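Structural overview for review
Given next are the chains, with one letter for each unit.
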Amino acid sequence: MSIWDYIATKTVSLCLAAMAGLYLSMVCYFCGIPVSLIGILLLSGMIVLLLCFIIGWRRTDRRLRMLRSRLDDLSEKYLIGETLERPRDAVELEYYLLMKEISRSAIGAVEQARTEKQDYCDYVESWVHEIKTPLTASSLILTNGADPTKLRRELRRADNLTENILTYAKLRTAEKDTQITLTDLRAVCDEAIREEMELLIAANISVSVDGEAAVYTDSKLLVSMIKQLLINCTKYCCGCQIQIALEMECLIFEDNGSGIPAHELNRVTERGFTGSAGRKYGGSTGMGLYIVSELCKKLNIGLEIVSEQQHFTRFTFRFPPVI
């Protein structure tokens, strides 16, 4: 900072000092103090004021140079707030505390972005390994005569995996992509079942849908959620029966499969949690129920999961009231 820039920041102080000097000069003059003495006093005051400004400028310039040097040495510039010394001046202390708060907020945002990036990379890596299974199976089917039914089944698995990773990628912008309309829940369930019919038949799973209901939600995302539950059943509950009950502002999805262990029930919607079933059957990224849970949050849908091992698992979706 040049001295002229510093003086420009002290314009108000200079004006007040000049007014005070003029006032004191007039008082001294009317009190009979010789003009020469008044001139000496004014000159002395100006010299003292100039020295104060020079000292203040030097201190400010030195602090700014030190901050620039620290900033140049930092590879992550947002950490500059953590390197500041706590000032004694009350006004500067307020600025210091504000700077600290902003710095810590920036650090938190950067760490969250890093975590999300790493989680996404981990998911993509596991997804690549998982999608190899249906692709390899499709290749073997084509080599061994190309059974259309088996080929469609493997292509459906690959399509489901692709849809999952696309949905996961859109989670952060789900609010912009959603289209809330009056949705027929039975039509949503029928569409999800129809799209997963090959996998359901292969897993010997029967599905029944009872009731009628209409709610305000995004039908496309809701289809994805129901499909994910159906896919989980084809993986972990072969031969089970699925009952979907539609009630006013509520959808209940229940299967009579092996259930979820009590100690895992609170973790099944965590990102990347595979649980004992995922480890037993393999080929799981642990992202299916996490995506369902996150979509429910985006759509303001209440999600309740109840399960009893060797008896049932029940997912209850509670939609916002239809006004």
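Note that the structure is a prediction, hence the values are computed from the model and not measured. (Residues numbered from 1 in each chain as written. Predicted model: local features only at pLDDT ≥ 70, side-chain atom pairs only at ≥ 80, totals over all residues. Heavy atoms only, no water.)

**Thoughts on the packing of helix α4 (residues 90–143) against helix α5 (residues 148–169)**
Each packed pair of helices is defined by two parameters, the angle between the axes and the distance between the axes. Remark: α4 packs on α5, axes separated minimally by 9 Å, with the N-to-C direction vectors making an angle of 165 degrees. When the interaxial angle is binned, α4 and α5 end up roughly antiparallel. In this structure, the crossing between α4 and α5 has a hand that is left-handed. Of α5, the residues touching α4 (which contributes D119, Y120, Y123, V124, W127, E130, I131, P134, A137, S138, I141 and L142) are K150, L151, E154, L155, R157, A158, L161, T162, N164, I165, Y168 and A169. Looking at the contact of α4 with α5 residue by residue, the class counts come to 16 nonpolar, three polar and five charged. (Axes fitted to C-alpha atoms, helices over the stretch in contact; angles between N-to-C directions. Helix = DSSP H or I, 4+ residues; strand = E, 2+ residues; numbered from the N terminus. Parallel < 35°, antiparallel > 145°, perpendicular 65-115°, else oblique. Left-handed = near helix turned anticlockwise from the far one by under 90°. Contact = heavy atoms within 4.5 Å. Nonpolar A, V, L, I, M, F, W, Y, C, P; charged D, E, K, R; others polar.)

**Thoughts on the packing of aromatic side chains**
Within a pair of aromatic rings, the relevant descriptors are the distance that separates the centres and the angle that separates the planes. Tallied over the entire structure, the rule returns two aromatic pairs. Ring centres of Y168 and Y290 lie 6.3 Å apart, and the angle between their planes is 55 degrees; on these two criteria the pair is classed as tilted. With a gap of 122 residues between them, Y168 in helix α5 and Y290 in helix α11 (residues 288–298) connect regions that are remote in the sequence. Take Y168 and Y290: they sit in the same class, and that class is buried. Ring centres of F253 and F315 lie 6.4 Å apart, and the angle between their planes is 75 degrees; on these two criteria the pair is classed as edge-to-face. Here the residue F253 occupies a position in strand β5 (residues 250–255), and F315 occupies one in strand β7 (residues 312–318), the gap between them amounting to 62 residues. (Phe/Tyr/Trp six-rings, centres within 6.5 Å; stacked < 30°, edge-to-face > 60°. Buried < 20%, exposed > 50% of the residue type's maximum accessible area, 1.4 Å probe, protein only.)

**A word on the side chain of T313**
Its place among the elements puts T313 in strand β7. By relative accessible area, which is 5% here, T313 ends up buried. In this view, T313 contacts F253, E254, D255, G259, I260, V306 and S307; residues no more than four positions away in its chain are not counted.

**Brief notes about the layout of surface pockets**
Roughly 750 Å³ of volume is contained in the second largest pocket. Lining the second largest pocket are 22 residues, and of these T60, R63, L67, P87 and E92 sit closest to its centre. Breaking the lining of the second largest pocket down by element, the ones donating at least two residues are α1 (3–9), α3 (35–73) and α4. Within the lining of the second largest pocket, the residues separate by chemical class into ten nonpolar, three polar and nine charged. (1 Å grid on protein atoms, 1.4 Å probe; cavity = no way out; pocket = protein on both sides within 12 Å on 5 of 7 lines; lining within 4 Å. Points joined across faces, edges and corners; volume = space filled by probe spheres on them.)

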